Amino acid sequence: MPVVHDVAVIGAGPAGLSAALNLVRAKRTVLLVDANRPRNAATLRSHGFLTRDGISPLELRKLGRAEVEGYDEATVVQAVVDLVAPDGDAWRLHGTWRGAEVDARARTVVVATGLREEFPALPMLRAFYGTAVHSCVECDAYDKAGEPLAFICETDDVVERALLIGTWTDDLIVYTNGVAEIDDAGHARLAAAGIVVDERVVEDLEGDRSGMTGVRLVDGHVEPRSGGFVRPTWHADLDWLQVDTPDPRGTLDRDASGLLVVDRAGRTSVPGLYAVGDVTPPGPEQLIVAAGHGAVTAAAVHRDLVGGLTDLRDAVQ
Ligand SMILES: Cc1cc2nc3c(=O)[nH]c(=O)nc-3n(C[C@H](O)[C@H](O)[C@H](O)COP(=O)(O)OP(=O)(O)OC[C@H]3O[C@@H](n4cnc5c(N)ncnc54)[C@H](O)[C@@H]3O)c2cc1C
C-alpha cells in the first residue's frame, strides 16, 4: 500500500513552511511539495519579518526549508502540483517536475500556493519591480520616504492606496493610466492630502541600470520620479484543485477575487482541506502574517486529525 501522509502542504513560502514545521513538530508526517517559483523573488531584500528585517527573501525560504527538512517526519519534494482531488477518505495529489511524476495520498491538504500578479502593461515595469517600484506599501514605503514617487494604479481602490502611500512622502503623483476612475470626493481627498493626480495614459517608465528616473506619458511628457508603487491585480491559480461539485464533503467557497475562504484557523469549507497565506483573504500580504497563519493552521490540522477536541477548536477560531 502506498504511504498516506498525514498532511500534504502545497507551497513552500512562509505560510507553507511554517505550517509544515509546526506539523512535523506535532509528529505528523508531512509531504511538502513546492514549485520553487516565489512571487517575491523580484526583490533583493524583504522587510518587517521580526529578527530578519532586510533579509533576502530567497535566504529566508532557504532557512525555513532547512528547518523543515531537519525532521524525519518531513518529505520535501520539488514539483508543480497539477491535481489535488478527494480520493476515498483521503486526498490524491499529483505533480510533475522535469518529466518526473509525484503521486501521493494524504489525509489532509494545506494549500499555501500564494498569488500570481498581473501588472499594467508598461514595458519597463518588470525591470524596476522589486527595486525602484514596489507593490507592498507596508513592506517598502519606509525606504522610499520623502522621495518623489509615482503610484500607478488602474483599480477602484486608487484613492485609499494613494492616501496610504502619501503618509510616507509629500511628493506623490498618482497615475490612473486613463483606466481607474476617481470621483469628485476622491479628488478632493487626494488634493487635501497634497497628492497630485495625472489621468493621462502612461507609455512607460524611464531609467537605466542605476535606477528609475521618471514616468513617460504617451504625449511625450516625462515626469522625474525616483520610484514608487504599482497596484498589480492578484490571482489565485487553483485550477488543479478539483473538489468535485457536488462533493459529499461540501463545495469549496471562494471569494469574489477567487481566494479561498477560510475560518480563522485556515479551514476551507471542505473538511480536510485547509489554506494559508496569500491565497486566503484578507492579508495583509506579508511574510510574517503568512508564517503566523501557517502556525495557526498547523495547530488546527493537528487537532482536527486527533478529532473531538471541540473546546480546543474553539480556542483558535
Ligand atoms: C516583490 C515582492 C516583495 C515583497 N516584499 C515583502 C517584504 O519586504 N516584506 C514582507 O513581509 N512581505 C513582502 N512581500 C509579500 C510576501 O512575499 C508574501 O506575502 C508572502 O511570500 C506570502 O507567502 P505565501 O507562503 O502565502 O506565498 P508565497 O511566498 O508566494 O509562496 C507560494 C509558494 O507556492 C508555490 N506554488 C504555487 N503554485 C504551486 C503549485 N501548483 N505546485 C507547487 N507549488 C506551487 C510557489 O512556487 C511558491 O514557492 C513581497 C512580495 C513581493 C511580490
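Above this text sits the structure in question.
What counts, and where the lines are drawn
- Residues numbered from 1 in each chain as written.
- Predicted model: local features only at pLDDT ≥ 70, side-chain atom pairs only at ≥ 80, totals over all residues.
- Heavy atoms only, no water.
- Near = heavy atom within 4 Å.
- Polar contact = N/O pair within 3.5 Å; in protein donor to acceptor, adjacent residues only side chain to side chain.
- Areas by Shrake-Rupley, 256 points an atom, 1.4 Å probe, with all protein chains shown as cover.
- Pairing = 2+ DSSP bridges.
- Helix = DSSP H or I, 4+ residues; strand = E, 2+ residues; numbered from the N terminus.
- Axes fitted to C-alpha atoms, helices over the stretch in contact; angles between N-to-C directions.
- Buried < 20%, exposed > 50% of the residue type's maximum accessible area, 1.4 Å probe, protein only.
- Right-handed = clockwise from strand over helix to strand, strands pointing away.

(A) Summary view of the site of the ligand. By nearness alone, 32 residues border the ligand, and Asp34, Arg37, His47, Val81 and Leu287 come closest of all. At a separation of 2.7 Å, an oxygen atom of the ligand approaches a polar backbone atom of histidine 47. Contacts to the ligand include arginine 61, whose side-chain N or O atom sits 2.9 Å from an oxygen atom. In isolation the ligand has 1000 Å² of accessible area, and contact with the protein removes 94% of it.

(B) Examining the sheet that holds strand 14 (residues 222-224) more closely. Taken together, the three strands give an open sheet; going across it, the order is 12-13-14, and neighbouring strands pair in antiparallel fashion. Here the strands that pair on one side only, and so sit at the sheet edges, are strand 12 (202-208) and strand 14. The average angle at which neighbouring strand axes cross in this sheet is 30 degrees, direction not considered. Summarising the sheet, strand 13 (residues 211-217) and strand 14 pair through three bridges and their orientation is antiparallel. Residue valine 215 lies in a different strand from strand 14, and its bridge partner there is glutamate 223.

(C) Spotlight on the pairing of strand 2 (residues 30-34). With five of five residues buried, strand 2 is to be regarded as a mostly interior element. Neither face of strand 2 is exposed, since Val30, Leu32 and Asp34 on one face and Leu31 and Val33 on the opposite face are all buried. Once the chain exits strand 1 (residues 4-10) it traverses helix 1 (residues 14-24) before rejoining the sheet at strand 2, and the crossover so formed is right-handed. As paired strands, strand 2 and strand 3 (residues 74-78) are joined by five bridges and run parallel to one another. In the strand pairing of strand 3, valine 33 is matched with valine 77.

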